[in-house]
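Residue strings, one per chain:
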Amino acid sequence: RDSIGGGRAAPRIDRSFLFDEDMRAATGGISGNFFREIEPSTVKIKVTDSDGLWSETIIGFTEDGTLEFDAKYDAYFKSNKEVAIFSLLNDSKLAIQGLPNTMLKEMTEVPIGLRSSGDLSISIVESHGMDEMAIYLKDIRTGDLTEQDATSKAVTLGDLSNEYTLVFEPLAVLGSDS
């Protein structure tokens, strides 16, 4: 027995785990790992105001993502912060949204919402599996597209009465004529 806080005795607990073949993930791939290896393509978008307040949202594309709310991949946006970014799914605000990866085979628009009392800047702070995609911020009112990438400078949005979407577009495969 070990002594824990206040001099009370507590029994020792064995915290070791044994993994066996029955626990192997059926979709674990050919590497023989015990863990699933499905890596979703994801992008983390951050907005920051002039005072340094910020918010982030994650949009991911995975094999079994859906176009409806799915508690496996989606998380509702629940915040009353002054600065906020979230994706929109029907009438729901989402902090994390998982979509089918088949959407990445063609141009896809994901509506986003923004909240602030002033100017915001927006940038991609992290992405995985998006090397073959161009990502743009689209102002629905004007149709203006601003290309985003992991190293892009922040884009000042200004008037937030506009609506915005993130546009994911596959990069064209360059070919040569022989």
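Relevant structure appears above.
Residues numbered from 1 in each chain as written. Predicted model: local features only at pLDDT ≥ 70, side-chain atom pairs only at ≥ 80, totals over all residues. Heavy atoms only, no water.

(A) Spotlight on the pairing of strand β8 (residues 108–115). Sheet topology places strand β6 (residues 84–89) next to β8; four bridges connect them, and they run antiparallel. When the sheet's bridge partners are listed, Ile85 is paired in β8 with Leu114. (Pairing = 2+ DSSP bridges. Helix = DSSP H or I, 4+ residues; strand = E, 2+ residues; numbered from the N terminus.)

(B) Spatial organisation of the environment of Asp131. Examined against the element boundaries, Asp131 turns out to sit in the loop between β9 (120–128) and β10 (133–139). On a C-alpha basis, the gap between Asp131 and Pro170 in space is 9.2 Å, while along the polypeptide they are 39 residues apart.

(C) Representation of the side chain of Asp139 in the model. Mapped onto the elements of the fold, Asp139 is located in strand β10. Buried and without a salt bridge, Asp139 has Arg141 as its closest oppositely charged side chain, separated by 4.5 Å. Among the polar contacts listed, one links the side chain of Asp139 to the backbone nitrogen of Arg141, at a separation of 2.9 Å. (Buried < 20%, exposed > 50% of the residue type's maximum accessible area, 1.4 Å probe, protein only. Lys, Arg positive; Asp, Glu negative; His and termini not counted. Salt bridge = Lys/Arg side-chain N within 4 Å of Asp/Glu carboxyl O. Polar contact = N/O pair within 3.5 Å; in protein donor to acceptor, adjacent residues only side chain to side chain.)

(D) Examining the pattern of salt bridges more closely. The tally for this structure, following the rule as stated, stands at four salt bridges. The closest approach of N and O atoms between Lys44 and Glu56, which form a salt bridge, is 3.9 Å. Placement of Lys44 in strand β3 (residues 41–49) and of Glu56 in strand β4 (residues 54–62) is noted, with a sequence separation of twelve residues between them. Residue Glu56 is classed as partly exposed on the basis of its relative accessible area, which comes to 28%. Taking the shortest distance from any N to any O, the salt bridge between Asp64 and Lys72 comes out at 3.1 Å. Assessed through its relative accessible area of 57%, Lys72 is described here as exposed. One salt-bridge network, held together by shared partners, links Lys44, Glu56 and Glu126.

By themselves, these are just geometric observations and shouldn't be taken as functional.
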